[in-house]
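If you want the building blocks of each chain, they are given just below.
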Amino acid sequence: RPRVLSGIQPTADSFHLGNYLGALRNWVPMQETHDTFYCVVDLHAITMGHDPALLRKRTRISAAQMLAVGLDPERCTLFVQSHVPEHAQLAWVMNCLTGMGEAGRMVQFKDKSAKQGADRTTVGLFTYPILQAADILLYHADAVPVGEDQRQHLELTRDLAQRFNTTFGRTFTVPQPFIVKDTAKITDLQDPTAKMSKSSSTPNGLIELLEDPARAAKKIRSAVTDTGREIIFDPEQKPGVSNLLTIYSALSGRTIEELVAAYDGKGYGDLKKDLAEVVAEFVKPIQQRTNAYLDDPGQLDKMLAIGAEKARAVAVPTLRSVYDRIGFLAPG
Ligand code: AQP
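Note that this is a predicted model, so its numbers are computed, not measured.

What counts and how
- Residues numbered from 1 in each chain as written.
- Predicted model: local features only at pLDDT ≥ 70, side-chain atom pairs only at ≥ 80, totals over all residues.
- Heavy atoms only, no water.
- Buried < 20%, exposed > 50% of the residue type's maximum accessible area, 1.4 Å probe, protein only.
- Helix = DSSP H or I, 4+ residues; strand = E, 2+ residues; numbered from the N terminus.
- Arc of directions from axis to C-beta.
- Contact = heavy atoms within 4.5 Å.
- Salt bridge = Lys/Arg side-chain N within 4 Å of Asp/Glu carboxyl O.
- Near = heavy atom within 4 Å.
- Polar contact = N/O pair within 3.5 Å; in protein donor to acceptor, adjacent residues only side chain to side chain.
- Areas by Shrake-Rupley, 256 points an atom, 1.4 Å probe, with all protein chains shown as cover.
- Nonpolar A, V, L, I, M, F, W, Y, C, P; charged D, E, K, R; others polar.
- UniProt positions renumbered as here; feature names shortened; annotations may be inferred.
- Axes fitted to C-alpha atoms, helices over the stretch in contact; angles between N-to-C directions.
- Parallel < 35°, antiparallel > 145°, perpendicular 65-115°, else oblique.
- Left-handed = near helix turned anticlockwise from the far one by under 90°.

### Here's the deal with helix α3 (residues 86-95)
All of the buried residues in α3 are Glu86, His87, Leu90, Ala91, Val93 and Met94. Mapping the buried residues of α3 onto a view down its axis gives an arc of 160°, with all of them on the same face. Lining the buried residues of α3 we find β3 (77-80), α6 (123-137), α7 (151-168) and α12 (297-326).

Okay, here's the thing in structure tokens:
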């Protein structure tokens, strides 16, 4: 079976529909066809400043949501990144293979650092994609299911894998991105040309899996559309309406063409009202299951410890062979 690795940051009290439709949703069926490794990337979550108690809480909330959407610890390896110290260790080696200019070209870094200002931007944010490369390469992943926003980071991972292999001998698998076209980018409800994002969207621009459906309905009602009337799918001319149709289609299983035909002659208000109902139906069981996992944190932590053991069974030998290839003296 081909191997898959993907991760998600515990940086919010809930995942949003961008995370779900761009990434998480695709992780579930891959459990049947791939050897799957999924992690809560807490090392990545401290690159922009954080609160320790909140991080611990959000790490559990993240794991609980991953289980609630259908990840099954019997069928995948679900773990917390910091429980596997080899991630940070391999990242150091990868830091020493990456050019400053190369890392400086990462668009996500440029965007986030521009927003934060140079004095508040950490070196950790700069090396974030290199840690991400280490996450992936440690497990010899063949494919990485992520949203479109991660494509450039995946390219860097591939370059680093090839560079290491050429310099020190074939060690790493060069991974492929696995990006599902239709939902690769879910956009902000208030600014439908920007991606829906935990760190840059306003609260009204996000639909969160764990939020009260009445609140989500209100946000959908006030979503930015356009001055036209027609419900058609045209991301260039009608990004707001097209985003609503993308979400509606993904959550209901109805195709966009079907929806466009069904809403022929109806208004934006009808579309929004119905989408709010679809969202409410969709999140209700996820919320119930997430709360049930969070009610028993001891059990959740135990499951994550088992996941970390399974992950280390792959990560430890990889790091050992990397250390050997680069010439570190083995401890006597
Ligand atoms: N808007 C989106 N559309 C499609 N996919 C998305 N992803 C994130 N936003 C969208 C995908 O979610 C996965 C988890 O990524 P992450 O933990 O790095 O989340 P993130 O990128 O931190 O989420 P945000 O909200 O975008 O936060 P910021 O802006 O703080 O980085 C990834 O596979 C990602 O592609």
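### What about the pattern of salt bridges?
One pass over the structure, following the stated rule, counts 16 salt bridges. Here Arg158 ties to Glu155 by a salt bridge, and the two come within 3.8 Å at their closest N and O atoms. With a gap of three residues between them, Arg158 and Glu155 both fall in helix α7, about one helical turn apart. You can call Glu155 partly exposed: its relative accessible area is 39%. One continuous salt-bridge network, built from bridges that share partners, spans Asp13, Lys57 and Arg58.

### Points about unusual backbone geometry
Here the phi dihedral of His140 falls at roughly 55°; this positive angle occurs in a residue that is not glycine. When you line up the elements, His140 lands in the loop between α6 and β4 (143-145). Overall, the relative accessible area of 25% leaves His140 in the partly exposed class.

### Points about the environment of Phe15
When you line up the elements, Phe15 lands in the loop between β1 (3-8) and α1 (17-33). When the C-alpha atoms of Phe15 and Ser62 are compared, they prove to be 7.5 Å apart, with 47 residues separating the residues in sequence. Apart from the residues lying within four places of it in its own chain, the contact partners of Phe15 are Ile8, Gln9, Leu24, Ser62, Gln65, Met66, Ile207, Glu208 and Leu209.

### Quick word on the site of the ligand
In the neighbourhood of the ligand, 22 residues make up the surrounding shell, with His16, Asp149, Lys195, Ser197 and Lys198 lying closest. Between an oxygen atom of the ligand and a side-chain N or O atom of Ser199, the distance comes to 2.6 Å. Taken by itself the ligand offers 630 Å² of open surface, and the protein chains cover 96% of this. Considering each element in turn, the shell around the ligand owes the most residues, four residues, to α1. Each residue belonging to the shell around the ligand can be placed in one class, and the counts come to seven nonpolar, 10 polar and five charged.

### What to know about the UniProt feature "binding site: L-tryptophan" (unreviewed entry) in the protein
When the UniProt feature table is mapped to this numbering, "binding site: L-tryptophan" (unreviewed entry) covers Asp135. Tracing the backbone shows Asp135 in helix α6. In contact with Asp135, not counting residues within four places along its chain, are Leu5, Val41, His44, Gln81 and His87. Of the polar contacts made by the side chain of Asp135, one reaches the side chain of His44; its length is 2.8 Å.

### Section: the side chain of Gln81
The topology assignment puts Gln81 in the loop between β3 and α3. For Gln81, a relative accessible area of 0% corresponds to the buried category. A distance of 3.4 Å separates a polar atom in the side chain of Gln81 from a polar atom in the side chain of His44. With sequence-adjacent residues up to four places away left out, Gln81 is seen in contact with Cys39, Val40, Val41, Asp42, Leu43, His44, His87, Leu131 and Asp135.

### Topic: the packing of α3 against α6
Interaxial distance between α3 and α6 falls to 8 Å at its minimum, and their mutual angle equals 120°. Considering the angle they form, α3 stands oblique to α6. Read as a crossing pair, α3 and α6 show a hand that is right-handed. On α6, the residues touching His87, Leu90, Ala91, Met94 and Asn95 of α3 are Thr127, Ile130, Leu131, Ala134, Asp135 and Leu137. Grouping the amino acids of the contact of α3 with α6 by side-chain chemistry returns seven nonpolar, three polar and one charged.

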